[in-house]
Amino acid sequence: MGIVDLVLRPGTAEDAAECGRICFDAFAGIAREHGFPPDIPSPEVGVALIEEALTNPGFYSVVAEIDGRVVGSNFLDERSPVVGVGPVTIDPAVQNRGVGRRLMQDVMRRAAERGAPGIRLLQSGYHNRSFSLYVSLGFVFRETVACVQGEAIQRGVAGYAVREAVDADLRACNELCRRVHGVDRGGEVADALKQGTARVVEREGRVTGYATDLAFFAHAVAETTPDLQALIASAPAFGGPGILVPARNSLLLQWCLASGLRVVQLLSLMSVGLYNEPDGAYLPSILY
C-alpha cells in the first residue's frame, strides 16, 4: 500500500546527517539479509557520501518526509549529458510501501524536464525488489557488472604509459568517451581533475584511456582492454567496495582474477532513453 502523506522536497546540506544514517542502515540491512558485505561500511561514510552529493552543484537531490520525519532520499548526477541515479535509500521502517517508487519518479521527472537524453543506474544483483522496481519504471537491463576488490597490482604494462591527468587532457578524454559511448562525461572528468584523482594512459604518444579514479564512484574509458589494464595496474588502491568490471569483458575480468583481485558482488547496469553499445573498453561507476 502506498503512502498518501509522503512529502518530497529538495535536499539541503542540513539533511546530510539523517539521510546519511538512513543510507547506511538501508544498504547494510539489505546486504546482511542476502549475506553480502555492505556497500557503505559505516554511518560516517554514509553521512560523508550524502553530504558530498547534497553540496555538489552538479547533483539534483530529493528528500522524502512523512509527518516531518525524513524517511529517504535520492540523487541525480547531472554533471554530464546522460544522467546517473543514486544512491536511492529508504528508511528500513518504511521500505516496500512505495517511497522508493516516488523518489525514482521524481528524479525521472527532473531528467525529462532537463531534456537529458538518457538515464542510467546500477543495482545490486541480489536485490530483486529494486530490480523489479526499475524494470516497472521502464529501465532496460544492459549488462552484468562485477565489483572486484583486492590488493593494488602496482605494476607497469610495457608500451603503456600511465600518468596523472592535467587540465589539457580534458578534450582528449571527452573525445575518447564520445567514441566509446556516444556521449562524454566531461563534468565528471573536470571534477576528478580538480580533485587530483584522474589518470590517463598514453600509447604511441596519444591518450588512449582515462580514469576519473579507480574506485566505486569513478569510471574509466579506453580504446582497448590493455589500455584499461594499464590504468588498473597502476592504481595505488581501489576505492570503496571496488572497481566495476563489465562481466562480458572476459579478458579483463580473467586478468583481474589472475592479478589477485576477487569478485565481491554482481550488479546490473540499466538504462532509460539513449544507450549506445560501448565501442571500446570501460569501467562504469556505481552511478553508471
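Residues numbered from 1 in each chain as written. Predicted model: local features only at pLDDT ≥ 70, side-chain atom pairs only at ≥ 80, totals over all residues. Heavy atoms only, no water.

Trainee: Go over the environment of His127 with me, naming the residues and quoting the values.
Mentor: Within the secondary structure, His127 sits in the loop between strand S6 (118–124) and helix H4 (128–136). Using a relative accessible area of 14% as the deciding quantity, one classes His127 as buried. Distance in space between the C-alpha atoms of His127 and Ala233 is 31 Å, their sequence separation being 106 residues. (Helix = DSSP H or I, 4+ residues; strand = E, 2+ residues; numbered from the N terminus. Buried < 20%, exposed > 50% of the residue type's maximum accessible area, 1.4 Å probe, protein only.)

Trainee: Outline the side chain of Gln123, supporting the account with residue identities and numerical values.
Mentor: Residue placement: Gln123 occurs in strand S6. Residue Gln123 is classed as buried on the basis of its relative accessible area of 3%. Only 3.1 Å separates the side chain of Gln123 from the backbone oxygen of His127, close enough to count as a polar contact. The contacts of Gln123, once residues within four sequence positions are left out, are Ser130, Phe131, Tyr134, Leu267, Ser268 and Met270. (Polar contact = N/O pair within 3.5 Å; in protein donor to acceptor, adjacent residues only side chain to side chain. Contact = heavy atoms within 4.5 Å.)

Trainee: Help me get a handle on the nonpolar core, residues and values and all.
Mentor: Within the largest apolar cluster, 29 residues are counted, with the highest numbers of intra-cluster contacts made by Ile50, Phe75, Leu122, Leu244, Leu267, Leu269 and Ile286. Every element with two or more residues in this core is listed here: helix H1 (16–34), helix H2 (43–55), strand S2 (59–66), strand S3 (69–77), strand S7 (140–149) and strand S13 (262–273). Per element, the largest residue contribution to this core is six residues, and it comes from H1. Every residue in contact with Leu269, bar those within four places of it in the chain, is listed here: Leu121, Leu122, Val140, Phe141, Arg142, Glu143, Val145, Tyr275, Tyr282 and Tyr288. (Core = buried A, V, L, I, M, F, W, Y, C linked by side-chain atoms within 4.5 Å.)

Trainee: Residue-level account of the packing of aromatic side chains, with values.
Mentor: In this description, a pair of aromatic rings is defined by centroid distance and the angle of the planes. Counted according to the given criterion, the structure contains three aromatic pairs. With centroids separated by 4.4 Å and ring planes inclined at 20°, the aromatic side chains of Phe36 and Tyr126 adopt a geometry described as stacked. Taken together, the residues span a long stretch of sequence, with Phe36 in the loop between H1 and H2 and Tyr126 in the loop between S6 and H4 at a distance of 90 residues. Judged by relative accessible area, which is 28%, Phe36 ranks as partly exposed. Here the aromatic rings of Phe216 and Phe217 are separated by 5.8 Å at their centres, their planes lie at 80°, and the arrangement is edge-to-face. Directly above the ring of Tyr288 sits Arg185, whose terminal nitrogen or CZ lies 3.7 Å from the centroid. (Phe/Tyr/Trp six-rings, centres within 6.5 Å; stacked < 30°, edge-to-face > 60°. Lys NZ or Arg CZ within 6 Å of the ring centre and 35° of its normal.)

Trainee: Could you give an account of the packing of helix H7 (residues 225–234) against helix H8 (residues 250–258), naming the residues involved and the relevant values?
Mentor: Contact geometry of H7 with H8 gives a least axis separation of 10 Å together with a crossing angle of 30°. The angle between H7 and H8 places the two elements in the roughly parallel class. Between H7 and H8 the crossing geometry is right-handed. Of H8, the residues touching H7 (which contributes Thr225, Leu228, Gln229, Ile232 and Ala233) are Leu251, Leu252 and Trp255. (Axes fitted to C-alpha atoms, helices over the stretch in contact; angles between N-to-C directions. Parallel < 35°, antiparallel > 145°, perpendicular 65-115°, else oblique. Left-handed = near helix turned anticlockwise from the far one by under 90°.)

Just geometry here; none of it tells us what the structure is for.
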